[in-house]
Amino acid sequence: MPATQRKPQTLTLRAYQVGFGDCFLLTFHYPPQGAQAAFERHVLIDFGSSALPEGAKEGLMLRVAKDIEAECKGKLDAVVVSHRHSDHISGFTRRSGGTGTGDIIRQLQPDVVVQPWTEDPKAQRNATGPTAKNNPGAASLRALTHMQVFAGTVSKHIQDLQGQLGTRRLAQLAFYGETNLKNADAVKNLMTMGRNVYVYHGSRSGLSEILPGVKVHVLGPPTLKQCNAIRQQRKVDEEEFWHLQAAGGQQFTMGSACLFPRATAYRKGQRPPFARWLIPRLLDVRADQLLELVRILDDQMNNTSVILLFETAHCKLLFPGDAQIENWLYALQDSPRAEAIRTLLADVDVYKVGHHGSLNATPKSLWKLFAHKGPQGTPGRLVCIMSTREGKHGSVKKDTEVPRRKLVDALKQGSDYYTTQEVTPKQLTEPLSLPL
Amino acid sequence: MSSDTTPPFRRQRFRIIAQDPSIRVKGKILTAQVEVPAEDLGPGPWGHRVHVIDYDASTQTLYHPPAYHRGRDKVLVDPFVRASDRKLLNDPHFHAQNVYAIVMRLVARFEFALGRRVSWAFEGHQLKVAPHAFADANAFYSRRDESLLFGYFPGARGQNVFSCLSHDVVAHETTHALVDGLRKRYTDPSSSDQAGFHEGFADVVAMLSMFAIPEVVEMAVDLNWSKRKKPPRQRNGSLLSTGAMKVAELRKSVVLAMADEMGEELSRVRGQALRASAQLKPSPQWYNDSEEFKEPHRRGEILVAALLNGFLGVWLARLRALDPADRGWLDRGRAVEEGAGIADRLLTMCIRALDYCPPVHLGYGDFLSSVLTADHELHPDDSLYHLRHSLRASFHAYGIEPASGGGREEPGLWLSPEAEQPKLPLNYSRTHFESMLRDREEVFRFLWENRKALGLCEGAFTRVESVRPCLRVAEDGFALRETVADYVQTLRLTPKEIRAWGVKGVENLPPDLEEISLHGGGILLFDENGRLKFHVHNHVNDRKRQVERLNMLIKFGHFNKGAESLRRFSHMHRLRALNSLPTPREGWI
């Protein structure tokens, strides 16, 4: 019997405790069939953290990598990387001597590495060509590059503002800046680890051959071609905007030469009475501006997330990365297949909560679609899994805390809710077994 | 004559960059000499309304302020009168002078149009201006920081681009500050129109004050007109071909050509405002049907487009009048003069209209009726320029109708209280007009005594926010004395009370919301004899308007904690630069 006709019977889902980040190992168990022996398929979805769990030791990520190695018995079938934020890819970073977490995953020789189309180096090469000047797709990719260059300048600005602003705001800035930094080694490692498949809404996932009996639908991100003309124009504008921000962020800092070297200026730090009222306010404005910019770029990066729906005969699992409403809008509203997609999503059984439970990453229109919600004890009740760490992102005062309290309440009320916060770093994970 | 007896000079001239440094004539930056009210300037420049403080928060550098001295004729010497382009671009002192002069010129323009001194929205008297506030493609007005902040950024060719050198950007931000001083509540979340008004009005003022500079009109006229068929006896370019002149043609040959010339890089600061509005073809669909045009900066473009087309319509009519024999040629100097003159008159109309606008929930129809009424009060006869006629037609083409039907005299004008409520006469016997000229308590008394006749909501908290006597002067010297007072009513209701009160159709109010503030209000315009001429209002008990407002606030997440942004212009300009689209929030608020 050809392997494609085999069907998985159960799934073991491991959500690793990595603090503020995502790391999921999906093990599909295929029972013996006739003369055919049983086998397993292992798919790793994201491996990164931007803040380890409280009290965790430095080597936690290494322990996670070794656990993955052990669970998949030395062979990963596929790696899915939702998007390039450090809390999703930092675990793929290598170390000299081959002792990094990225080295361990590389040694597991995944057959396929699935990433969003925005990571396709071919598309990125085209994006830098002169003919691509007014090409929205190319502009979009260049915008992502500029954003990461800008994120790289944030640490210098934080240093400049040290002692002038409250530590909380500086910490917020640092968090966003670091999350959005380009992790060149992780990107390179992923690019050369296995066969690369770059996906977009409606494309093939590259996982069908690896996961017999499992349909994998790619719901996002949309390509620029799939977006309307206005959104395409917006990408051209974005590219120019981020280009300026990146250049300005690099060029003008406290240590750089002042704008008008020939003009007479007061000594750094000197504040004559006429300017004493305004200077602290301007520094405050500057911090706000930087924070606003890093938040915008953080959201835009989140919206490049791959959204995958795994479908077996009796179970559907939804993994949306950190996609927010702008990414979801295409699948839920604008796509010619939107109605069919909404129907498909109605009986989702397992939902990986988007963006660590943030305010905007589980659109209410999506949540309303899930038909398997219900009070405790409901047969076939929806399972929701969240990987997060409290107190790292957003503010309770502004109702933007991650995970968002109201979302968590809704998840608890309508689903069997699991969070990595209940797993100790010592445990690493609490595997969940699901019938397929 | 000793200096003590020298009569004080009332005006001072400064050189400014007429549009932005990318606009050049014969390879040189187009500059202009503009007049501003003379004052005893301190180093900065630091005057009675504006204080330029050149602090750069990105490099943390504070530049020494420039000081001015007086010449033998006691007039301040502008050190940049003959400065080279290189000097203009590279000397921060010129940048400081440029922002000071543009801001002061606009302050004076507002004060002339309104017939009184204008105040800022904050306690102090002097607006702080930072010409190189930070390295960022942004510029904005911040009420909290009492300042206008202009960013700079590296340009494509390695040169730095300074937003403080763009007349358009400086005038736009100054207008935000001036409108905020006049109508603080226009920054409150309300309707799409009100959200778009601040941005659109600032663009209108920036555009019209740019066209009111003859050097700019001259340059705009020369851009494309010169490419037309040459007149038979070209006398040093003094004749222009009329060709087949239409509004669309003028829009293309003057306005779009102008937009093309404006710095591509400076458009990063807040998008291509002029281009976007000039390209918006007349159609009611943008205003009435388009979701995209409910977003503030796109909504603002409709207002600019309607006024721009009105301006071009009037100018076109005047140009035709310059060639009565239909020879196909007209005098270039007169064409320029007419263009600048009409822009100036329209600018005055728009600014004066602010006094006739309701203080809350402004709609574009309200603004149109206010423009028409403000102009009618000073120029009852519209037959020379047909400005009001042209504006009505242009706004109509964009789907905007005056909020008032007007009377027999002319359509679109606000009606007098007697015409509105003939059966409820006003009671003047318990108030003293002399006090009402300056006393909020006296105006409140008038409101209280007439609350039924004026249709006020009786259960609401009422507050008179300002009382401003004005003396407006028309171009022909005709003077008009008026007193403008504005009041606001606030009703705080729980979601349950809102439903009981009869506001239906509001979906998805956050369940844990304790109270919601509903606002209403109006302006009272008294004539020189103390009689109420106009009562322009949007009442708090206008349920339809309240439903629209609440639904919009819910849709765009205004009830979220932290949604209130005190630096909202910064954010709005950022979205504009990013050409951002509105996305309904679906967050877990």
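Conventions used here
- Residues numbered from 1 in each chain as written.
- Chains lettered and ligands numbered in written order.
- Predicted model: local features only at pLDDT ≥ 70, side-chain atom pairs only at ≥ 80, totals over all residues.
- Heavy atoms only, no water.
- Helix = DSSP H or I, 4+ residues; strand = E, 2+ residues; numbered from the N terminus.
- Buried < 20%, exposed > 50% of the residue type's maximum accessible area, 1.4 Å probe, protein only.
- Contact = heavy atoms within 4.5 Å.
- Areas by Shrake-Rupley, 256 points an atom, 1.4 Å probe, with all protein chains shown as cover.
- Axes fitted to C-alpha atoms, helices over the stretch in contact; angles between N-to-C directions.
- Parallel < 35°, antiparallel > 145°, perpendicular 65-115°, else oblique.
- Nonpolar A, V, L, I, M, F, W, Y, C, P; charged D, E, K, R; others polar.
- Pairing = 2+ DSSP bridges.
- Expected span 1.5 Å × (residues − 1).
- Phe/Tyr/Trp six-rings, centres within 6.5 Å; stacked < 30°, edge-to-face > 60°.
- Lys NZ or Arg CZ within 6 Å of the ring centre and 35° of its normal.
- Patch = residues over 30% accessible without salt bridge, like charges linked within 9 Å, V, L, I, M, F, W, Y side chains within 5 Å.
- Salt bridge = Lys/Arg side-chain N within 4 Å of Asp/Glu carboxyl O.
- Lys, Arg positive; Asp, Glu negative; His and termini not counted.
- Charge placed at Lys NZ, Arg CZ, Asp CG, Glu CD.

Asker: Would you explain the overall build of chain B in this entry?
Answerer: What chain B contains, in helices and strands, is 19 helices and 17 strands. Counting only residues that meet the buried cut, chain B has 63% of its 589 residues in that class. At a minimum sequence separation of 6, the contacts of chain B that also span at least 24 residues come to 70%. Total accessible area on chain B is roughly 23400 Å²; 51% of this is exposed by carbon and sulfur atoms.

Asker: Would you take a moment to explain the packing of helix α12 (residues 364–378) of chain B against helix α13 (residues 387–397) of chain B for this structure?
Answerer: Relative orientation and spacing of two packed helices are given, respectively, by the angle between their axes and the distance between those axes. All names here are of chain B. With their axes 10 Å apart at the nearest point, α12 and α13 run at an angle of 175° to one another. One way to sum up the angle between α12 and α13 is to call them roughly antiparallel. On the side of α12, the interface is formed by L368, V371, L372, D375 and H376, while α13 contributes R388, L391, R392 and F395. Within the contact of α12 with α13, the residues separate by chemical class into five nonpolar, one polar and three charged.

Asker: When you look at the sheet that holds strand β8 (residues 307–311) of chain A in this model, what are you seeing that I'm missing?
Answerer: In sheet architecture, strand pairing relies on hydrogen bonds along the backbone and comes in two forms, parallel and antiparallel. Residues and elements named next belong to chain A. Spatially, the six strands line up as an open sheet ordered β7-β8-β9-β10-β11-β12, and their pairing is mixed. Looking at the sheet topology across the chains shown, the edges are occupied by β7 (215–220) and β12 (416–419). With direction set aside, neighbouring strand axes in the sheet form an average angle of 15°. Sheet topology places strand β9 (residues 316–319) next to strand β10 (residues 350–352); two bridges connect them, and they run parallel. Residue pairing in the sheet places L318 in a bridge with Y351 of β10.

Asker: Help me out: how do you make sense of helix α18 (residues 543–555) of chain B in this one?
Answerer: Since there are 3.6 residues in each turn of an α-helix, residues three or four apart along the chain are aligned in direction. Residue and element names in this part refer to chain B. The end-to-end C-alpha separation of α18 is 18 Å, in line with the 18 Å expected for 13 residues at 1.5 Å each. Of the residues making up α18, those classed as buried are Q546, V547, R549, L550, M552, L553 and I554. Among the structural elements, α4 (192–211), α17 (495–501) and β16 (516–526) are those in contact with the buried residues of α18.

Asker: Please clarify how the sheet that holds strand β6 (residues 195–199) of chain A should be interpreted in this entry.
Answerer: All names here are of chain A. Read across the sheet, seven strands follow the order β6-β5-β4-β3-β2-β1-β13 without closing on themselves; strand pairing throughout is mixed. Each edge of the open sheet is held by one strand with a lone partner, namely β6 and β13 (432–435). Taking each pair of neighbouring strands and ignoring which way they run, the sheet shows an average axis angle of 20°. Strand direction decides the pairing type here: strand β1 (residues 10–15) and β13, joined by four bridges, are antiparallel. Opposite L11, over in β13, you have L434 as the bridge partner. Contacting β1, β2 (20–30) and β3 (39–51), helix α1 (residues 60–71) crosses the sheet at an angle of about 175° to β3.

Asker: I tried to follow the packing of aromatic side chains on my own but got confused; where do I start?
Answerer: Two numbers describe a pair of aromatic rings. These are the distance of the centres and the angle of the planes. Within the structure shown, the criterion is met by 31 aromatic pairs over all chains. Relative to A:F92, the ring of A:F47 lies with its centre 6.0 Å away and its plane at 85°, an arrangement referred to as edge-to-face. Taken together, the residues span a long stretch of sequence, with A:F47 in strand β3 and A:F92 in the loop between α2 (86–89) and α3 (101–107) at a distance of 45 residues. Owing to a relative accessible area of 0%, A:F92 belongs among the buried residues under this scheme. Look at B:F197 and B:F367: their rings are 5.1 Å apart centre to centre, the planes differ by 65°, and that puts the pair in the edge-to-face class. Of this pair, B:F197 sits in helix α4 while B:F367 sits in helix α12, and the two are 170 residues apart along the sequence. Of the two residues, B:F197 and B:F367, both sit in the buried class. Grouped by ring-pair contacts, the aromatic residues A:F24, A:F28, A:F310 and A:F319 constitute a single cluster. Over the ring of A:W277 we find A:R281, and its NZ or CZ is 3.8 Å from the ring centre. Its guanidinium or amino end placed over the ring of A:W277, B:K128 lies 4.7 Å from that ring's centre, counting from NZ or CZ.

Asker: What's the story with unusual backbone geometry in this structure? I'm lost.
Answerer: Glycine aside, a negative phi is what most residues show, and trans is what most peptide bonds show. Here A:G220 and A:P221 are connected by a cis peptide whose omega angle stands at 5°. Structurally, A:P221 can be placed in the loop between β7 and α8 (229–251). Between B:G44 and the following residue, B:P45, the backbone shows a cis peptide bond with an omega angle of -5°. One can find B:P45 in the loop between β4 (31–37) and β5 (50–52).

Asker: Help me understand a positive patch on the surface, please; the structure alone is not making it clear to me.
Answerer: All names here are of chain A. Residues R168, R295, K397 and K398 make up a contiguous surface patch of positive charge. Tracing the backbone shows K397 in the loop between β11 (383–386) and α14 (405–414). The exposure class of K397 is exposed, given its relative accessible area of 73%.

Keep in mind these numbers describe shape, not what the thing actually does.
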